[in-house]
Each structure stands twice: as C-alpha cells, then as structure tokens.
Amino acid sequence: VQLVESGGGLVQAGGSLRLSCAASGSIFSISAMVWYRQAPGEQRELVATFTSGGSTNYADSVKGRFTISRDNAKNTVLLQMNSLKPEDTNMYYCTFTVRTRASPYASTYWGQGTQVTVSS
C-alpha cells in the first residue's frame, strides 16, 4: 500500500488549503484515516480522524476550521483547512489503517508528508 500526499504550500493567515492523500495497492478494507502534524523535534499531534463508520474527530486546536472527508471511489482522504493560522505551520502526514487482500490483519501506512506554511 502506498500513500501519496499533495496540497501543501504557503498561504497567508486566514487563507485556506486542501490536503489530499491517495492510497493505492491491494486494499481490501479501510478502517481509519488520520491526519497528523509534526515539526522536527516536536511531539506529533493528531489533527483529524475519519473512521470506516463515517465518524470524525478533531483536535481542539482545529475544530471549526478543518474538515476531514473521504472520497470512497478514489481511496482518498481530504483535509480542508480554512482560517489558517501561523501556528498551523507544520509538516502534515496522513495514515490509512487497512486490511490488504494478502492478510487478515490490519496495518497502518504513512504518507511522505506535505509541508504547510502559514505566514502572518
């Protein structure tokens, strides 16, 4: 399973970005998709979660500004980020927890990360 992220970049405070994470490979089922962010030397922060049942969860710091969604047809998870703040500047990573056709067990896969920079 491979994950490819896109959509990061430089934006002014108050602006918006949409991150995308597309999964490919022999995926049988997806149980959860998660966005994290982490700066070098700092603790990883869970940003948003989307489960197979359709439930979502957000970090308090992004509630009301970020929206996680799924494109079922494309095995893609999106993160719409509005009203961006300088403190949102970070490297953003996506993860998929999936079962493949080769194994009855679920595994978690990581994207390569995409940089988001918000200028004040």
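The text that follows walks through the structure, step by step, so that each part is easy to find.

Reading the values: the criteria
Residues numbered from 1 in each chain as written. Predicted model: local features only at pLDDT ≥ 70, side-chain atom pairs only at ≥ 80, totals over all residues. Heavy atoms only, no water. Salt bridge = Lys/Arg side-chain N within 4 Å of Asp/Glu carboxyl O. Buried < 20%, exposed > 50% of the residue type's maximum accessible area, 1.4 Å probe, protein only. Helix = DSSP H or I, 4+ residues; strand = E, 2+ residues; numbered from the N terminus. Contact = heavy atoms within 4.5 Å.

Tallying each qualifying case throughout the model produces four salt bridges. With its nearest N and O atoms 3.1 Å apart, the salt bridge here joins Lys63 to Asp60. According to the relative accessible area criterion, Asp60 is exposed, its value standing at 64%. With a shortest N-O distance of 2.7 Å, Asp88 and Arg65 are connected by a salt bridge. With Asp88 in the loop between β8 (76-81) and β9 (90-100) and Arg65 in the loop between β6 (56-58) and β7 (66-71), this pair connects stretches of sequence that are 23 residues apart. Relative accessible area serves as the criterion here: at 1%, Asp88 is assigned to the buried category. With a relative accessible area of 10%, Arg65 lands in the buried category.

Attention now goes to the side chain of Thr95. In this fold, Thr95 is placed in strand β9. In contact with Thr95, other than residues within four places in its own chain, are Leu3, Ala32, Met33, Val34, Tyr36, Thr108, Tyr109 and Trp110.

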